[in-house]
Amino acid sequence: MTDYHFEYTECDSSGSRWRVAVPNPAVECSGLPDPVRGKECTFSCASGEYLEMKNQVCSKCAEGTYSLGSGIKFDEWDELPAGFSNVATFMDTALSSSEGKADSCNNSSWTPRGNYIESNRDDCTVSLIYAVHLKKSGSVFFEYQYIDNNIFFEFFIQNDQCKEMESTADKWVKLTDNGEWGSHSVTLKSGSNILYWRTTGILMGSKVVKPVLVKNITIEGVAYTSECFACKPGTFSDKPGASGCQVCPRDTYSEKGAKECTKCKEEIYYAEEGSSACIERPPCTSKDFFQIHTPCDKEGKTQIMYKWIEPKICREDLPDALTLPPSGERQDCPPCNPGFYNNASSSCTPCPPGTFSDGTQECKACPAGTEPALGFEYKWWNILPGNMKTSCFNVGNSKCDGMNGWEVAGDHIQSGAGGSDNDYLILSLHIPGFKPPTSVTGATGSELGRITFIFETICSADCVLYFMADVNRKNTNVVESWEKSKERQSYTHIISKNASFTFTWAFQRINEGQDSRQFINDMAKIYSITVTNAVDGVASSCRACALGSEQSGSSCVPCPPGHYIEKESSQCKECPDNTFLSIHQVYGREACIPCGPGSRSTKDHSACFSDCLLSYVKDNQSLNYNFSNLSQVGSLMSGPSFTSRGTKFFHFFNISLCGNEGKKMAICTDNITDVTLKDMVAESEDFSNFVGAFVCQSTIIPSDSKGFRTALALQSNSLADRFLGATVETVLENISIKADIFPPSPSKIPDVHFFYKSSTVTTSCENGRATVVTMRCNPHKPDQGELSVPSSCPAGTCDGCTFYFLWESAEACPLCTEQDYHEIEGACKKGFQETLYVWNEPKHCIKGVSLPEKRTSTCETVDFWLKVGAGVGAFTAVLLIALTCYFWKKNQKLEYKYSKLVMTTNSKECELPAADSCAIMEGEDNEEEIVYSNKQSLLGKLKSLATKEKEDNFESVQLKSSRSQNI
């Protein structure tokens, strides 16, 4: 061992360099060798060789070591290799500076797990960084597992100026299927390259994200390798010049740099494949064996067999050790599953086409006028059905490969033992396609079939059961998952498009890195699986079908779209107007379901839709609405909201109020979880993250929240895929609107409510989701108006199942009628008068009838009639005054005569007056007539009022003038 070592200087502009001697650390020495010209900068050795610096020649690696020649490989992750670093940040710029937020990510990092390195599980942003300087162009290659779209995984490269390289413009890494390792490679340019593996968790709920796993990082393009790498423990290299190391087989081990593997003493010790040491075998317990049922024999019997979990690692000869229970107990076989029959053999056979069986009897032909109800119903588990498979997978090793993940157990199928507690125990069912019954071939409803299964989980740890669906073998997505123990329950998933499906159940006892076998008794059980309308299914019963004409015999024929089967004639008959055909029942008139209020059926009676027109009668007044201008998709962004760790996000909604004759126009997509979106536009129906509905929702994480260049859209789902109706009532099909969900409308115009339903059933919404869009007339908000959610429920829902939206717009006002305006008459000017028409205020209508034009009519002026009236009034007043004076004068004369007569009578004591006493005085008239009356005349009344004397009860004499009568 010398006190110095050799290194190359930096390359000069001509591509040359020098080999120099450099003292080792903490060593002082003199007399170092002189520099000599070195190999050209682009020189490199072949794989399995290294550059011996003293003589500058390539030499083969010794046994127990390996070399990639011009590359570096990182396949050992017991600790973080030299040159790698972790950087953790909380990327929400709005909160990262707040107290505690930045520090909360200090413990978040990539964690070595032996054969691979694991990313963070929280919502921090963590980067695994490695810097390499290349003398020539090269590449980087790594294997990874990325199954959870709640964590974002990027790989990109920066140069020494911290600018991203063009080779990583598409930096988002694709998702992988459960249990599969994907690979990713990127070219590297000469010079400095800083490699980033960056993950960011999005904790939108209580579920913990599944971390990203990375292994076998290989960098090609290093100019030379001055030494070989020792084989890691559990591997060996038995030949010089090896470019890699081999894994030690089972029950052997090796230490670092081994030339060969050492065998364990098998009776006492064992070792897994690739072990670095032998482990003492423990006593056998009940966790080390399991039972299975053999296939039925010709006598209809099955045997219960007990087997050791392979590989067997326990000892039976130790104290308190259990031995394998005796096998061979015979039991009666369960019957065949519906649609199958026992043909006097040990197996069940599918019924031939056109026949059916309940599983206990021979197959029978369907009666005339009926057809088989195709599908699958698995409820007896003696053997695994032919279209199902089971397997075991572990992300860190291959020790459970080849094992059965699930075992049949008579009346149920249960998860198997596996190799360790963190294994994925997988059960899959393949269905090549779905189609409705023959009689409803033309139906285009939202449901083509459904899969229903009954299950339970029994767990003492944090187990998880996943239910996943793969469409056309493109990508497996988790449909639903259940954590910890769950009581026996049923779950249904609706199939809405005809495609090839693979349904997968994956059970994992714990999600931890270590390989243990502590929770072997934790298991999942599935009691039955039912699939309807499967194209290659069998029949357990028959259903009515439509018959052809007499010429075609009694064979079933497909009904045209929107036709049901009439019970009396078994012929196809079209559903009445404004009804739609049920996908579940096509027999009888009741198969045609009436559309809700304010809706009409499509031409093929496959669904009901709104034409955006609605009429309503209130207080003998008809209100007509036209929402056509709001039929385009409306959008609403509510929030912001924050996760428990402070990540900011928004709820984004798209609403297609009326659709397009039943076609759902609102679209939501995930833009990050699968970056192949740009390649899926032409086949969007198969894109698993593409959602089309009347109302859909996405979760939006703004670009400033996680440090991304663009906003992220994820968790897209449908809130409404079926239109129920539009009405002013607040209840429709058990969907009710709370009175205080929105503030009351300031106008007297009633709100119109659009009701929708979603067929998607979740564990929290057993009846599916419902949506109500309330349309409110607001003249102050023109055009598209404004969409909002309840202030008490910023996510649009308070229970996660029923969503409420308020849409205020002038376009939501009723159409104008003649009752919405009044007329105003103008003044008469120069013989003409104008009549104007104005809207009632406040105006709460739109479009409809228009205001009538201004009307002009002839008229008489007010001055002329005023003069006529004044003249007539003056003449009448003069006449009345003259008459009053005349009659007053006459009355004075009569009083005088009467007074004189009374005085004469009293003086003569009733003597008759002399003839001259009643004589006519000179100048008096002689035309009066004497009238005796007890009734006071009008003049008498006037006299009594004038003289203000008390009224006496004496006989009055009225002189009736003939002259006055003439007047």
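Residues numbered from 1 in each chain as written. Predicted model: local features only at pLDDT ≥ 70, side-chain atom pairs only at ≥ 80, totals over all residues. Heavy atoms only, no water.

As recorded in an unreviewed UniProt entry, the protein goes by the name Endosome-lysosome associated apoptosis and autophagy regulator family member 2, listed as coming from Zonotrichia albicollis. Regarding the protein, the UniProt comment filed under Sequence similarities (unreviewed entry) reads as follows: "Belongs to the ELAPOR family." The record in UniProt for the protein states the following under Subcellular location (unreviewed entry): "Cell membrane". (UniProt positions renumbered as here; feature names shortened; annotations may be inferred.)

Another aspect to go through is the overall build of the protein. Regarding its fold elements, the protein presents 4 helices and 68 strands. The 967 residues of the protein split such that 44% are buried. Restricting to contacts in the protein with at least 6 residues of sequence separation, those with at least 24 account for 65%. As displayed, the protein offers around 50,400 Å² of accessible surface, 51% of which is attributable to carbon and sulfur atoms. (Helix = DSSP H or I, 4+ residues; strand = E, 2+ residues; numbered from the N terminus. Buried < 20%, exposed > 50% of the residue type's maximum accessible area, 1.4 Å probe, protein only. Contact = heavy atoms within 4.5 Å. Areas by Shrake-Rupley, 256 points an atom, 1.4 Å probe, with all protein chains shown as cover.)

Fine structural detail should not be taken from predicted coordinates in areas where pLDDT scores are low. When pLDDT is averaged along the protein, the result is 80, and 83% of the positions lie at 70 or above. Looking at the elements of the protein, mean pLDDT is at its lowest for helix H4 (residues 962–966), recorded as 41, and at its highest for strand S20 (residues 252–253), recorded as 95. For residues 673–687, every residue scores under 50 in pLDDT, and the model assigns this stretch 24 contacts once sequence neighbours within four places are set aside. Note on residues 925–935: pLDDT is under 50 here. Beyond four places in sequence and across chains, it has 23 contacts. (pLDDT = per-residue confidence, 0-100.)

Right, let's talk about the sheet that holds strand S66 (residues 855–858) for a bit. Across the sheet, 3 strands lie side by side as S64-S65-S66; this open sheet has antiparallel pairing. The open sheet is flanked by strand S64 (821–825) and S66, the only strands paired with a single partner. Across the sheet, the mean angle separating the axes of adjacent strands is 25° when strand polarity is ignored. Here S64 pairs with strand S65 (residues 832–839) via 5 bridges, running antiparallel. If you follow Glu825 over to S65, its bridge partner there is Thr835. (Pairing = 2+ DSSP bridges. Axes fitted to C-alpha atoms, helices over the stretch in contact; angles between N-to-C directions.)

All right, on to unusual backbone geometry then. Following Glu841, the chain continues into Pro842 via a peptide bond in cis, with omega recorded as -5°. When you line up the elements, Pro842 lands in the loop between S65 and S66. Despite not being glycine, Asn533 has its phi angle at roughly 60°, a positive value. Residue Asn533 is classed as buried on the basis of its relative accessible area, which comes to 11%.

Scanning the model with the defined rule gives 42 aromatic pairs in all. Here the aromatic rings of Phe453 and Trp482 are separated by 6.1 Å at their centres, their planes lie at 90°, and the arrangement is edge-to-face. Taken together, the residues Phe453 in strand S36 (residues 449–458) and Trp482 in strand S38 (residues 476–483) connect sequence positions 29 residues apart. Accessibility assignment for this pair places Phe453 and Trp482 in one class, buried. Three or more aromatic residues joined by ring pairs form one cluster here, namely Phe74, Trp77, Phe84, Trp110, Tyr130, Phe142, Tyr144, Tyr146, Phe153, Phe155 and Trp197. For the cation-ring pair, Arg17 lies above Tyr8, with the distance from its terminal atom to the ring centre recorded as 4.1 Å. The ring centre of Tyr527 lies 3.8 Å from the NZ or CZ of Arg488, which sits over that ring. (Phe/Tyr/Trp six-rings, centres within 6.5 Å; stacked < 30°, edge-to-face > 60°. Lys NZ or Arg CZ within 6 Å of the ring centre and 35° of its normal.)

Moving on, we come to the state of the cysteines. With the rule as written, the count across this model stands at 18 disulfides. The disulfide partner of Cys336 is Cys348, and the gap between their sulfur atoms is 2.0 Å. Looking down the S-S bond of the Cys336 and Cys348 bridge, the torsion is -85°, so its handedness is left-handed. Pair noted here: Cys336 is in the loop between strand S26 (329–332) and strand S27 (340–342) and Cys348 is in strand S28 (residues 348–350), with a separation of 12 residues, a long-range link. Paired through a disulfide, Cys351 and Cys363 show a sulfur-sulfur distance of 2.0 Å. Its torsion about the S-S bond being -80°, the disulfide of Cys351 and Cys363 is classed as left-handed. Residue Cys351 is found in the loop between S28 and strand S29 (355–356), and its partner Cys363 is found in the loop between S29 and strand S30 (364–365); the two are separated by 12 residues along the sequence. Classification of Cys363 as partly exposed rests on a relative accessible area of 21%. (Disulfide = S-S within 2.5 Å.)

Next up on the list: the side chain of Ser716. For Ser716, the location among the structural elements is in strand S56 (residues 712–720). For Ser716, a relative accessible area of 16% translates into the label buried. Looking at Ser716, its side chain comes within polar contact range of the side chain of Ser698, at 2.8 Å. Excluding its chain neighbours within four sequence positions, the residues that come into contact with Ser716 are Cys668, Thr669, Asp670, Val691, Gln697 and Ser698. (Polar contact = N/O pair within 3.5 Å; in protein donor to acceptor, adjacent residues only side chain to side chain.)

Take the side chain of Ser415 next. Here Ser415 is to be found in strand S34 (residues 413–415). Leaving out residues up to four positions away in the same chain, Ser415 has contacts with Gly405, Trp406, Leu425, Phe507, Asp522, Met523 and Ala524.

Okay, the environment of Leu836 next. Tracing the backbone through its elements, the reader meets Leu836 in strand S65. Spatially, the C-alpha atoms of Leu836 and Glu823 are 5.5 Å apart, while their sequence positions differ by 13 residues. Among all residues touching Leu836, those that are not within four sequence positions of it are His822, Glu823, Ile824 and Lys854.

As for its placement among the helices and strands, Gly191 is situated in strand S15 (residues 191–201). Spatially, the C-alpha atom of Gly191 lies 5.3 Å from that of His133, the residues being 58 residues apart in sequence. Non-local contacts of Gly191, meaning those with residues more than four positions away in its chain, are made with Val132, His133 and Leu134.

All right, on to the pattern of salt bridges then. Overall, the coordinates contain 17 salt bridges when judged by the stated rule. Among the salt bridges present, the one from Arg281 reaches Asp251, with a minimum N-O distance of 3.9 Å. In this pair, Arg281 sits in the loop between strand S23 (279–280) and strand S24 (289–293) while Asp251 sits in the loop between strand S19 (246–247) and S20, placing the two residues 30 residues apart along the sequence. Comparing Arg281 with Asp251, the two get one shared label, buried. For Asp611, the salt bridge is made with Arg600, and the minimal N-O distance between the two is 3.6 Å. (Salt bridge = Lys/Arg side-chain N within 4 Å of Asp/Glu carboxyl O.)

Moving on to the sheet that holds strand S55 (residues 695–701). Across the sheet, which stays open at both edges, the 4 strands sit in the order S51-S52-S55-S56 with antiparallel pairing between neighbours. The open sheet is flanked by strand S51 (634–642) and S56, the only strands paired with a single partner. Here the average twist between neighbouring strands, direction ignored, is 20°. Pairing geometry for strand S52 (residues 648–655) and S55, over 6 bridges, is antiparallel. Pairing of Phe650 across the sheet is with Ile700, part of S55.

Further remarks concern the nonpolar core. Core analysis: the largest hydrophobic core is formed by 40 residues, its most contacted members being Trp406, Phe503, Trp505 and Ile529. Ranked by size, the runner-up nonpolar core spans 34 residues in total, among them Phe653, Phe723, Ile749 and Phe805. (Core = buried A, V, L, I, M, F, W, Y, C linked by side-chain atoms within 4.5 Å.)

In this section: a nonpolar patch on the surface. Taken together, Phe875, Leu879, Leu883 and Phe887 make up a surface patch of nonpolar side chains, about 380 Å² in accessible area. The exposure class of Leu879 is partly exposed, given its relative accessible area of 43%. (Patch = residues over 30% accessible without salt bridge, like charges linked within 9 Å, V, L, I, M, F, W, Y side chains within 5 Å.)

In this fold, Ser718 is placed in strand S56. For Ser718 and Ala666, which are 52 residues apart along the polypeptide, the C-alpha to C-alpha distance reads 9.3 Å. Excluding residues that lie within four positions of it along the chain, Ser718 makes contacts with Val691, Ala693, Val695, Cys696, Ser758 and Arg769.

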